[in-house]
Amino acid sequence: MAHIKTTLPATLDPYQFAYRGLTMKHCLVFLSLLGTFLHALAQCNVTASEFHLDGDHLIGGLFEIHPVDDPVPHDRPETIECSSNPILLPNYRRFQLMRFSVEEINNSTNLLPNVSLGYEMFDHCSVTQNYPGLFNLISVNGLIRPWAEPQKHQTNNTDVSKVIALVGPLTSTQALTIAPLFMMDLIPMVNYGSTISVFSKKEIFPSFLRTVHPNKNVIEVIVSIVLHFNWRWVAFLHSDNDYGYDGRELFLKRIKDTTICLAYAKSLEDSTSYSQMFKQIELQGIHAVIVFAPKMTAETLIMSAIQLNITQKVWIAGDAWSLNKRLPKEKGIKNIGTVLGVSQPVVKIPGFSDFVFSTKSKTYSENKQKHRFCNQVCNCSDLSAEEILSVDPTYSFPVYSAVYAIAHALHNALQCDSNRCNGNITVFPHMVLAELKKSNFTLLNQSIKFDEYGDPTYGSYSIVFWNHDGDAEEIGFYHFHPSVDFFINNSKIKWYTNGEVPTSLCSQECFEGFVKEQNGIHKCCFTCKICPNGTYINSTGNPYKCINCKDTEWSTEGSTSCNLRSVEYIPFTDIGAILIIAGSWALVVLSIVMSVLFAINYNTPVVRSAGGPMCFLILGCLSLCSLSVFFYFGKPTTSSCIIRSLPFILFYTVCLACFVVRSFQIVCIFKMAAKFPKLYNWWMKYQGQWLIITVAFVTQAFLLGIAHLSAPPKPCNETVWSPEEIILSCYTKFEAFSGSAIVLVFLCFLCFIFSYMGKNLPKNYNEAKAITFCLLLLILTWIIFATVQVLYKGKYIQTLNALAVLSSLYSFLLWYFFPKCYIIMFQPHKNTQQYFQGLIQNYTKTISQ
């Protein structure tokens, strides 16, 4: 047994001190335990030839051949005799594979010429009761010196650690427990089965490398399978250890930005109630179950599913049990559903079968066996070669490549060529570690390399399906290097649904054009609502949001894209535009003709009673107002928007002011002249009518100037009225032009009041009635237009607006001036001074009576 010697160093290498500090507590515990083990070890010496092979350099090996459950707590530390427990054949197969790998390397003429490799292997069946073998592996000349100075034990060959590297152990929990012992002196651990993420942290595990892909890669393949078959509502069952919890954490991170939801997660313990667990899975409608657990845990789970008659499930197996040889042949396995799995590719290792047959044919005689430590006994003599070779081959190539990686690292450390190695070099574990990190060799067509985290940069995963013959049939692959390549042959899978791919959804997928409205905490649970008009759902984007179309686009209800709107406005070639423009020209022509007619008959009573010189002002303003009509057509511009309103408002104000004055004059002539002669004389003396007209014009011009400076009319796109069209129009801010509108309304009101006061004037001379009728037409026109504008905002509103303007002009032209023209041309006897004086005298007599 190795002796314990502790020495306090004068100085410590900073690199080693950092990692020794992380594990100092563990080391002290280990050392205190070791003394207690001595008595048990003295009684545990047995013979074991398969576990040891002498050589120039030794490799340690840890294999869980006879696994035991976690022991009941004891009063004091105790060791255990592993061989008294049932054997786990897949691990024994891996044990034999390491022996074969070392023998093959020793028989090679190219790798390590004239240098023999040996091994010291242990049955690592317990996490807490296997430390004697571990201390044996890390001892130096039979001593363990946890605080020794690195310089002191590197002076000669006798100060070299017993092993240059370690292969194993299998599980992550085992590796976590023993790793601190090997990290202290940078003894390389080349692991073939520990996959948890923490081992990639080199600041904690500087001398840990592995030939198996970490859990991150396995989870990536599992998620790819789930996404491939569009399963979004899944359960994740995992073992109650470091391996299982690491897998669940990685799975949750990986699905964060995917369509997958973790509906149910459960750790599988010895006390797990499988009936209750499966009941929860059934209640939630989960049909895809991921099982991330080691072989024995998975076997217990699947056997429980068979016994409880769990059906219609897709089981996705992790790489630890996907190649299980027992379960696919179990009676009732077909009833549980379909089993898919992620597995390491089955690599046929040439010569291994012959080695196993040769090993099992040997009979080791007692006198050839050496007394070794306990847990170097197998009691496997009754096993046949066929039994060993027929078990689950998972982790075979990782074991094989781990041994070869150490051998190649030693080959480089010894500066070997094809014929010989440098025998003068003393190899320390850290030298082997340095060469391991630089590994670059080919083994069975695989380029063996490690990345900066000690993880392999080679290899791939197979996708397997448990067929009805009880075999794990390869149906696809996932290659990591040199680039990601994922493939599944769907036609090879025989689903439990007899054809169609099973579904596992919380909510059925929405139809096209529907948005998902999430229910509860899971994004996979939702109700479907159709996207309204003017929005669309992006089938490749966010399915939980209807996106608004741009102002230049439109869409119908339930759209997946937007359409460009057609741009609409009234062109000059439109039939309505042509007629209105023709009417405007006609108004101008009629105004000119009437002006000429009035000029010729200027001194006649009809012209004088119509307003005399004021008639020419009104007719001129009506002509100028008609300019606005032309700018209601064509594509709106800033200039056209201004001109379509400015001339009409300004000059129509003058027209209304003239009619206010004219209606007031009529009242004064027939009423005020008789009752208020002095007021009438003052009005006539100071030309009050022109003063009113001027004030109205200046006021309106001032208000229009302010309005156009603060908020001038401008082109705008009407997008609300018609979802399929963009209607080009002009936007006028009502607040800015409210002053001008008030002036027009006020003038119209005064005009109506004064004209209404003259409704009882002589029958043959009733201009007040004509003005009243014109005003009624004007008011009716704009009431109709305002009503239509509220109800209709299509492109023809521009035509109606122009028609309303033209109608306002024609109301005065036709109903006020045209009757005057008719009298002048066809009733000249009424256009005499005597006729008008007679009307006035008769009316005056009637008033006085």
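Refer to the structure above for everything that follows.
Note that this is a predicted model, so its numbers are computed, not measured. (Residues numbered from 1 in each chain as written. Predicted model: local features only at pLDDT ≥ 70, side-chain atom pairs only at ≥ 80, totals over all residues. Heavy atoms only, no water.)

## What about the packing of aromatic side chains?
Inference 1: Evaluated as defined, the whole model comprises 39 aromatic pairs.
Inference 2: Look at Phe51 and Phe95: their rings are 4.7 Å apart centre to centre, the planes differ by 40°, and that puts the pair in the tilted class. With a gap of 44 residues between them, Phe51 in the loop between strand 2 (46-47) and strand 3 (52-53) and Phe95 in helix 2 (residues 89-106) connect regions that are remote in the sequence. Comparing Phe51 with Phe95, the two get one shared label, buried.
Inference 3: Summarising the aromatic geometry, the rings of Phe100 and Phe352 are spaced 5.8 Å apart at their centres and angled 65° between planes, so their arrangement reads as edge-to-face. Placement of Phe100 in helix 2 and of Phe352 in helix 9 (residues 352-361) is noted, with a sequence separation of 252 residues between them. Like Phe352, Phe100 is buried.
Inference 4: The positively charged end of Lys516 is found above the aromatic ring belonging to Tyr544, 5.9 Å away from the centroid.
Inference 5: In this structure, Lys820 packs its charged tip against the face of Tyr816, placed 4.4 Å from the ring centre. (Phe/Tyr/Trp six-rings, centres within 6.5 Å; stacked < 30°, edge-to-face > 60°. Helix = DSSP H or I, 4+ residues; strand = E, 2+ residues; numbered from the N terminus. Buried < 20%, exposed > 50% of the residue type's maximum accessible area, 1.4 Å probe, protein only. Lys NZ or Arg CZ within 6 Å of the ring centre and 35° of its normal.)

## Thoughts on the state of the cysteines
Inference 1: In this structure the tally under the stated criterion is nine disulfides.
Inference 2: Residue Cys378 pairs covalently with Cys380 via a disulfide, S to S 1.4 Å. Negative torsions about the S-S bond denote left-handed disulfides, and the value of about -60° found for Cys378 with Cys380 makes this one left-handed.
Inference 3: On the basis of relative accessibility, which here comes to 5%, the residue Cys378 falls in the buried class.
Inference 4: Among the cysteines around Cys748, which has no disulfide bond, Cys751 carries the closest sulfur, lying 6.7 Å off. (Disulfide = S-S within 2.5 Å.)

## As for the side chain of Arg565
Inference 1: Following the sequence through the fold, Arg565 ends up in the loop between strand 26 (563-564) and strand 27 (566-568).
Inference 2: Among buried charged residues, Arg565 stands out as having no salt bridge; its nearest opposite-charge side chain is Asp551, 6.4 Å away.
Inference 3: There is a polar contact of 2.8 Å between the side chain of Arg565 and the backbone oxygen of Glu553.
Inference 4: Within polar-contact distance, the side chain of Arg565 engages the backbone oxygen of Glu725 at 3.0 Å.
Inference 5: When near neighbours in sequence (up to four residues on either side) are disregarded, Arg565 contacts Asp551, Thr552, Glu553, Trp554, Glu718, Thr719, Val720, Ser722, Pro723, Glu724, Glu725 and Ile726. (Lys, Arg positive; Asp, Glu negative; His and termini not counted. Salt bridge = Lys/Arg side-chain N within 4 Å of Asp/Glu carboxyl O. Polar contact = N/O pair within 3.5 Å; in protein donor to acceptor, adjacent residues only side chain to side chain. Contact = heavy atoms within 4.5 Å.)

## Description of the sheet that holds strand 5 (residues 117-123)
Inference 1: The mixed open sheet is built from six strands, whose spatial order is 3-5-4-7-8-9. Single-partner strands in this sheet number two, and they are strand 3 and strand 9 (208-210).
Inference 2: Pairing of strand 4 (residues 57-63) with strand 7 (residues 163-167), which is carried by four bridges, proceeds in the parallel orientation. Opposite Leu58, over in strand 7, you have Val163 as the bridge partner.
Inference 3: Sheet strands touched by helix 11 (residues 396-413): strand 4, strand 5, strand 7 and strand 8 (189-191). Its angle to strand 7, the strand with the most contacts, is close to 160°. (Pairing = 2+ DSSP bridges. Axes fitted to C-alpha atoms, helices over the stretch in contact; angles between N-to-C directions.)

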